[in-house]
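# Structure assessment
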Amino acid sequence: MRMESSEEEDDFPCIESVTPQSKIDSIYQSNTEKGIRKICFELLDLKDAVENLCGNTRTKCLAFLSLDAPTPNRLSEEVVETEHELNELRKHISAQGILVQDLMNGVCRELDEWSRASGDVQEANESSRSSDYDDTFMNDMEDENVLFLENIDVLLAEHKIEEVIEAIDAKERSHPELKNSGDTSSTEPSSFKSALSKRKKMLENQLVEITERPSIGIVELKKALSDLLKLGKGSLAHQLLVKSYRSRLQKSIEDFLPLCPCYPETYSATLSNLVFSTISLTTKESGAMFGDNPVYSNRIIQWAEREIEYFVRLVKEHAPPSDGAPALHAASVCVQASLNHCNALEKQGLKLSKLLLVLLRPYIEEVLELNYIRARKVVLDFASSNEGKPLSPRFASPLSTFANTSDTLLVESGMRFIYVVKEIVEKLTQLVILHFGANILTRISQLFDKYVDSLIKALPGLSEDDNLTELKEPVPFRAETDSEQLALLGTAFTIAEELLPMVVSRIWNVLNESKEAGSENMMPSANNTVELKDWRRQLQHSLDKLRDNFCRQYVVNFIYSRDGDARLDAQIYLSGVGEHTIWETDPLPSLPFQALFGKLQQLATVAGDVLLGREKIQKVLLARLTETVVMWLSDEQEFWSVLEDESAPLQPLGLQQLILDMHFTVEIARFAGYPSRHVHQISSDIIARAVRTFSARGIDPQSALPEDEWFTETAKGAINKLLLGGSGSDTSEIDDEHIIMHDGGMSDSDGSPSSLSSADSSESFASAQMGDLDSPVYLSDSES
């Protein structure tokens, strides 16, 4: 408002004096200032009215609450009335707030006009008025900020989080310096910024409190985390997300653990589903809300790894006893379910399979080891009953054929072995086979080897063998007769060659399919590879051990009498010494070798009945028996010491008899249908050594011995004579093919001990009549 110049001259005399502040206030006080003061008084009156209203409302509430049993209608009326009064109060406060804001804007404009109109005032007064203007403007800003903070406080008290966030966001957009933490240009803005930060911290605490509520829903949780993101608290929001899902998982696990004993074989699958589904859901929510931030992704991975470790620990703590089949099944189910979940998580960027296998491997191997020990106890417990362990005809029939010719304990032990192995294999899942199949196959072959050791103990003890003293331990049954021993061999061969491959075929199928698939997730690990031929070689090694023990004890019992005297003695090859050197016009092999022919013929007859339909086993067994005889003769130092003694009366007839015996042994094997290169080679070595021994004593083999063909034909003729029981039979029944022995070779291509001849053996030992042979009476017959 303009003032007249005459008044200015009267009020401001031109003297150098200090004008009192009261006079300045009276001069420059405008109608606007008076209006502001009036409004302030009115606001104070309004404040008193509000306080009175609040007091009246409180009094009414107390009076209402003091009434006995208020009616629902009255309660509803009082509520409606109170809400109406509150709405009116809000409207009044809002109107007064608008009025105050308008007044402030008007004051600013008035002050601006007044400042421009007062340009010709003295310089000192201008400076004073400028300072007053700045103070007034700053006070106005402070008032605005105070109102803003008060509004925020009200909204926080009412938990109107969305409105608080919107208000703060709008304030920060209009004042960017509020977001700049380094702006400290003035005390006033920094104090407001500090106050605003405190409100934001209060809002953050409210959101954290919401996320930590036990009963919070997924939608409400995601809303609170989203609000934290708006406040710029992404790291805290992610931590709360993980913490919330971890709490949910913990509660689910705690609710399920008491039920584990009710589901001993499948509880691990349920635990796996709880853990990995939570990991998957958390990963999805993290990606949706926070994107592919590496920091948050690493935090999810670390949390998932800790949860997997906790999961494996729970599986171990609540597993059934590890030495039982349920534990093996539970472990298999655990591996199958967990690895399936891990394969699904790989699509979300989480590769946890290797960690899971590292953590589970000791547990799985422990279960496998204890189940192997349990299986070994069951298999080796011959005295236990086979009841409750039925086998399908597919597995029982091949073994039941030996029931008539052997102890029932032997057949039951074979069935028990197959049952235990079958039970173990059936408990395995596909992924367990994929990652632990080689381990399992190795343990099965070891179990078979232990079973074979138990069968070896059932064979008759060796009369002279200090290396097998452990085999003389008491056993539930003994295989004394030839039929019982052959049934024992047949049981082991049937298990290894027929039944065991059928039982473990599922393991081989899974391993082969994984190789053909070529998928990284379906490929067996490097330490879980095993070749079928290597595994069969392990079984064959056990069978060879059983067969060799049988042959050794059989041959030793043949060579040595019960008194310990050797029947196959070097004395029979010394001219004029011993009662066994017989050389007629039509010579025959020495009596011990004739007896060997009879023993093999008798054994072949029994084998034809006991091992019916298993010709391969028969041929392998007879071939190995023949090999054992010539191997014993080759390695027996006592035998050779007699011949190599310089005082021994060596004659050409003794050398001729020894060579004929060796040819006779080779022809026995060839005629019976199992020609063996090994037998031929050892026989050739024996002949060569004998020739050297006799030559050293001055006997010339070239002049003393007939041609090689003579020995071959004589050996064939001897076989015919022994079969027919006569001395003048025609040798045409022997096949014209013959083996011509020289110092180092043989004319035909005999196979190795495992590669038997395909020659027809229908006229072999099995068809001969033992009664037609004149076996020496001094040889004991275990079958008689």
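Residues numbered from 1 in each chain as written. Predicted model: local features only at pLDDT ≥ 70, side-chain atom pairs only at ≥ 80, totals over all residues. Heavy atoms only, no water.

### Some thoughts on the packing of helix H16 (residues 430-458) against helix H17 (residues 482-503)
Test applied: Here an angle of 0 to 180 degrees is reported between the N-to-C directions of two axes, which are lines fitted to C-alpha atoms, with helices fitted over the stretch in contact. Only DSSP runs of H or I covering at least 4 residues are called helices, and only runs of E covering at least 2 are called strands; the numbering of each starts at the N terminus. Angles are sorted into four bins: roughly parallel if under 35 degrees, roughly antiparallel if over 145, roughly perpendicular if 65 to 115, and oblique for all others. The crossing is said to be left-handed when, going from far helix to near helix, the turn is anticlockwise and less than a right angle, and right-handed when the turn is clockwise. We call two residues in contact when some of their heavy atoms are within 4.5 Å. Three classes are used, and their members are as follows: Ala, Val, Leu, Ile, Met, Phe, Trp, Tyr, Cys and Pro are nonpolar, Asp, Glu, Lys and Arg are charged, and the others, Gly among them, are polar.
Where H16 meets H17, the closest approach of the two axes is 10 Å, and the angle between their N-to-C directions is 170 degrees. The angle between H16 and H17 falls in the class roughly antiparallel. Helix-helix and strand crossings are classified by hand; for H16 and H17 the assignment is right-handed. Across the interface between the two elements, Ile444, Phe448, Tyr451, Leu455 and Ala458 from H16 touch Leu488, Thr491, Ala492, Ile495, Ala496 and Leu500 from H17. The residue inventory of the contact of H16 with H17, partitioned by class, reads ten nonpolar, one polar and no charged.

### Considerations on the packing of aromatic side chains
Heads up, the rule is: Pairs were defined over the aromatic rings of Phe, Tyr and Trp, the Trp ring being its six-membered one, requiring ring centres within 6.5 Å. Orientation was assigned from the angle between planes: stacked under 30 degrees, edge-to-face over 60, tilted for the rest. A simple rule labels every residue: compare its accessible area, found with a 1.4 Å probe on the protein chains alone, to the largest value its type can have, and call it buried under 20%, exposed over 50%, or partly exposed in between.
With the rule as written, the count across this model stands at twelve aromatic pairs. Measuring from centroid to centroid gives 6.5 Å for Phe448 and Tyr451, while their planes differ by 40 degrees, and the two rings are tilted. Of this pair, Phe448 and Tyr451 both sit in helix H16, three residues apart, which is roughly one turn of that helix. In this pair, the class of Phe448 matches that of Tyr451, namely buried. Note on Phe550 and Tyr554: the rings are 5.5 Å apart at their centroids and 35 degrees apart in plane angle, and the pair reads as tilted. Separated by four residues within a single helix, Phe550 and Tyr554 lie in helix H19 (residues 532-559), roughly one turn from each other. Grouping residues by exposure puts Phe550 and Tyr554 together as buried.

### A closer look at the nonpolar core
To be explicit about the condition: In plain words, nonpolar cores are sets of buried Ala, Val, Leu, Ile, Met, Phe, Trp, Tyr and Cys residues tied together by side-chain atoms within 4.5 Å.
The biggest cluster of nonpolar side chains holds 160 residues, and the ones touching the most others in it are Phe417, Phe448, Leu486 and Phe550. With residues near it in sequence (within four places) discarded, Phe448 still touches Phe417, Ala492, Ile495, Ala496, Leu500, Leu539, Ser542 and Leu543.

### Section: the confidence of the model for the chain
The predicted coordinates should not be examined in detail at positions where pLDDT is low. Selection rule: A score from 0 to 100, pLDDT tells how confident the predictor is in each residue.
The share of residues in the chain with pLDDT of 70 or more is 72%, and the mean pLDDT across the chain is 76. Ranking the elements of the chain by mean pLDDT puts helix H1 (residues 5-11) last, at 44, and helix H11 (residues 294-317) first, at 93. Here residues 1-16 is modelled with pLDDT under 50, and outside its nearest four sequence neighbours on either side it reaches nine contacts, counting other chains as well. The low-confidence segment residues 120-134 (pLDDT under 50) makes nine contacts with residues lying over four places distant or belonging to another chain.

### A look at the state of the cysteines
Spelled out, the test is: When two cysteine sulfur atoms lie within 2.5 Å, the pair is treated as a disulfide.
As enumerated under the stated definition, the model contains zero disulfides in all. Left without a disulfide partner, Cys260 is nearest to the cysteine sulfur of Cys262, which lies 8.9 Å away. Among the residues examined, Cys260 registers a relative accessible area of 3% and is labelled buried.

### Here's the deal with the pattern of salt bridges
Let me state the cut-off plainly: For this document, the term salt bridge refers to a Lys or Arg side-chain nitrogen within 4 Å of an Asp or Glu carboxyl oxygen.
If you walk through the whole model with that rule in mind, you get 19 salt bridges. Close ionic contact of Lys545 with Asp453 constitutes a salt bridge, the shortest N to O distance being 2.8 Å. Of the two residues, Lys545 sits in helix H19 while Asp453 sits in helix H16, which places them 92 residues apart along the sequence. On the basis of relative accessible area, Lys545 is assigned to the partly exposed category, the value being 24%. Arg689 is paired through a salt bridge with Glu644; the nearest N and O atoms lie 3.2 Å apart. With Arg689 in helix H24 (residues 677-696) and Glu644 in helix H22 (residues 637-644), this pair connects stretches of sequence that are 45 residues apart. Classification of Glu644 by relative accessible area gives partly exposed; the value is 40%. Through salt bridges that share partners, Asp544, Arg547, Asp548, Arg624 and Glu627 make up one connected network.

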